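Overview (structure and organization)
So you can see what is in the structure, the chains are spelled out below.
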Amino acid sequence: TPRLAEVKPQELASLAWSFTACCRSASAASWCSDRHLPSMAALFRALSEAAPPRLGEFAPQGLANLAWAYAAGGQPAPALFRAIAAEATPRLGGFKPQELAS
């Protein structure tokens, strides 16, 4: 979506991470019910389309957070994972242990 082009890379990663973390918490599980799943899927689809052209702008932590959000949230995005892997691989020497573990 055009508005996502205006969002900073860290904010894209944080948005995905926050929604996944929220839905994994017991207190928010009811919000992430079937009623809201189509909206969540649409958000993650939009993020997976907006992020790849900008992955070079992401800090290692942002790449790790984005990958975690999709994996932990069960959001299918094979093209995004391939793009993250392609971006992260030559930069692995600059990742901190926490970023590699995420």
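Up top is the structure.
So, a few notes on the structure that sits alongside this text. These numbers were taken from a predicted model, which means no experiment stands behind them.

**As for the pattern of salt bridges**
Under the defined criterion, the tally for this structure stands at three salt bridges. Note that E6 and R3 form a salt bridge whose closest N and O atoms lie 3.7 Å from each other. A single burial state applies to E6 and to R3, both of which are exposed. Across the salt bridge formed by R54 and E57, the nearest N and O atoms sit 3.6 Å from each other.

**Structural notes on helix 4 (residues 78–88)**
Restricting attention to buried positions, one finds in helix 4 the residues L80, I84 and A88. Looking straight down helix 4, one finds its buried side chains confined to an arc of 60 degrees; they lie on one side. Structural note: helix 4 exposes P78, R82 and A86 on the side pointing more than 90 degrees away from its buried face.

**Remarks on the side chain of R54**
As for its placement among the helices and strands, R54 is situated in the loop between helix 2 (37–50) and helix 3 (60–72). Owing to a relative accessible area of 15%, R54 belongs among the buried residues under this scheme. Polar contacts involving the side chain of R54 include one to the main-chain carbonyl oxygen of V7, which spans 2.6 Å. Sequence-distant contacts of R54, that is, excluding residues within four places in its chain, are made with L4, A5, V7, K8, P9 and L12.

**Concerning the environment of A13**
In this structure, A13 sits in helix 1 (residues 9–24). Between the alpha carbons of A13 and L47 there is a distance of 8.7 Å; along the sequence they are 34 residues apart. Dropping the residues within four chain positions of it, A13 is found in contact with F58, G62, N65 and L66.

The rules behind each value
- Residues numbered from 1 in each chain as written.
- Predicted model: local features only at pLDDT ≥ 70, side-chain atom pairs only at ≥ 80, totals over all residues.
- Heavy atoms only, no water.
- Salt bridge = Lys/Arg side-chain N within 4 Å of Asp/Glu carboxyl O.
- Buried < 20%, exposed > 50% of the residue type's maximum accessible area, 1.4 Å probe, protein only.
- Helix = DSSP H or I, 4+ residues; strand = E, 2+ residues; numbered from the N terminus.
- Arc of directions from axis to C-beta.
- Polar contact = N/O pair within 3.5 Å; in protein donor to acceptor, adjacent residues only side chain to side chain.
- Contact = heavy atoms within 4.5 Å.

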